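# Structural characterization, general
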Amino acid sequence: MQNQLEVSKWMVNFQEIHTHIEFEEWAYQQGLQDSEKYLIETYLDKSGKTVEAGTGGGRILLAMKKLGFQQLYGFDYLSDFIEAAKQNDQTQRIIFTDQNASQLNYQDCFFDNAIYLQQVVCYPDSDTERLKVLQEAYRILNVGGTAIFSVLLFDARLKSSVYSLFIKYISLLRVLRFSQRSIQYLPSLQIKRQNNYAALLDAPPYMYWYKMEEFYRTLTELNFEVIAMGTNCQVDCGETSNTPTKLAQLSLGNQLYCVCRK
C-alpha cells in the first residue's frame, strides 16, 4: 500500500468518500456506457497493451476483455479498489496495481492504448498535479498509440440555467470568504445525495471543470494530436470533431471526451 505521506491532499479527500460512502458504487459496477463502448471499439487497438487509469473495480477492463482485448492493465490510488478488481476478474488475466497517476512505475512507451476518464483527470486539486497526470499519460503511451481522455466540461455548466446560478452563488460565497480558489473548482456532488448539502457550503472535496479550449490546448501543448472530440451528446451519436470550434456551437453534455494520438 502507498505511504500515506506521499498521497496528496486531494487523494485523501476522495479516498475517504470512496472508502466509506461510494465504495460499492465504484467497486461493483458492470458494463460499458454507450459512449465508452463506441470510443473503445472505434479507436483502440485490440491487439495492443491497454491501461486504464482510476480503474475502480475494473468495470471497463472487464468489459473490454469480453470485446476481445487481451493485454489489459489497470491502476487506482485506492488499494481497496484494486483488491475488488482482482476479485471481479475471475480469470486473473488483468494486471491490477495500486499507483498514483502522477507518479507511475510503468516504463516509457509501454502501452498502445490508454483510458483516462474524469475521475483521474479532474480530481487533482492543483494545476501542477493535473498536468503531471497528463504528462505521465503521454510518457507511458507508445508512439502512434491512442489515448481516450474525458473531463468535466465547464462550458456545459455555464449553459445550464440552474447550474449557472449555482456557479454565481459559489462565486459570491468565495468573495465573501476572501477565497482565491478558481470557480472551475466546484464542490463535488456525491452519488449519495444526502451528502450533497455540503456542496451548498462550498465544502471540499472539489472537482476541476475544464473549459473546452483549455483542455484542447493542454493536450496539444503536450504534443498529443487530438483526432476526435465531443461531449457525451455527440459521442452517443457518433458525431465528433477534431477541434473545439464547431463543437462549442452544439448542445453540450457535462462530459467532454478527447481521443488523442501520440
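Each remark here, short or long, concerns the structure printed above.
Residues numbered from 1 in each chain as written. Predicted model: local features only at pLDDT ≥ 70, side-chain atom pairs only at ≥ 80, totals over all residues. Heavy atoms only, no water.

### Looking at the pattern of salt bridges
The criterion, for reference: Whenever Lys or Arg places a side-chain nitrogen within 4 Å of a carboxyl oxygen from Asp or Glu, that contact is recorded as a salt bridge. Helix and strand labels come from DSSP, where a helix needs a run of H or I of at least four residues and a strand needs a run of E of at least two; each type is numbered from the N terminus. Only protein chains enter the accessibility calculation, which uses a 1.4 Å probe; a residue whose area is less than 20% of its type maximum is buried, one above 50% is exposed, and one in between is partly exposed.
Tallied over the full model, the rule gives 8 salt bridges. With its nearest N and O atoms 2.8 Å apart, the salt bridge here joins Glu36 to Arg59. Placement of Glu36 in helix 3 (residues 34-43) and of Arg59 in helix 4 (residues 59-66) is noted, with a sequence separation of 23 residues between them. When its relative accessible area of 6% is taken as the criterion, Glu36 is described as buried. Judged by its relative accessible area of 13%, Arg59 is buried.

### Quick notes on the pairing of strand 5 (residues 141-152)
Side-chain direction in a regular strand flips from residue to residue, so the side chains alternate between the two faces of the sheet. Our working rule: Pairing between two strands is assigned when DSSP locates at least 2 bridges connecting them.
Most of strand 5 sits out of view: 9 of its 12 residues are buried. Where strand 4 (residues 111-116) meets strand 5, 5 bridges bridge the pair, whose relative direction is parallel. Bridge pairing in strand 5 links Phe111 to Leu141. Note: strand 5 against strand 9 (residues 255-261), 7 bridges, orientation antiparallel. In the sheet register, Ile148 faces strand 9, and the bridge partner there is Val259.

### Remarks on the environment of Glu225
Test applied: Contacts are assigned to residue pairs that have any heavy atoms within 4.5 Å of one another.
Relative to the helices and strands, Glu225 resides in strand 8 (residues 225-231). With relative accessibility at 46%, the residue Glu225 sits in the partly exposed group. A sequence separation of 78 residues divides Glu225 from Ala147, and the C-alpha atoms of the two residues are 9.9 Å apart. Setting aside residues no more than four positions away along its own chain, Glu225 makes contact with Val259, Cys260 and Arg261.

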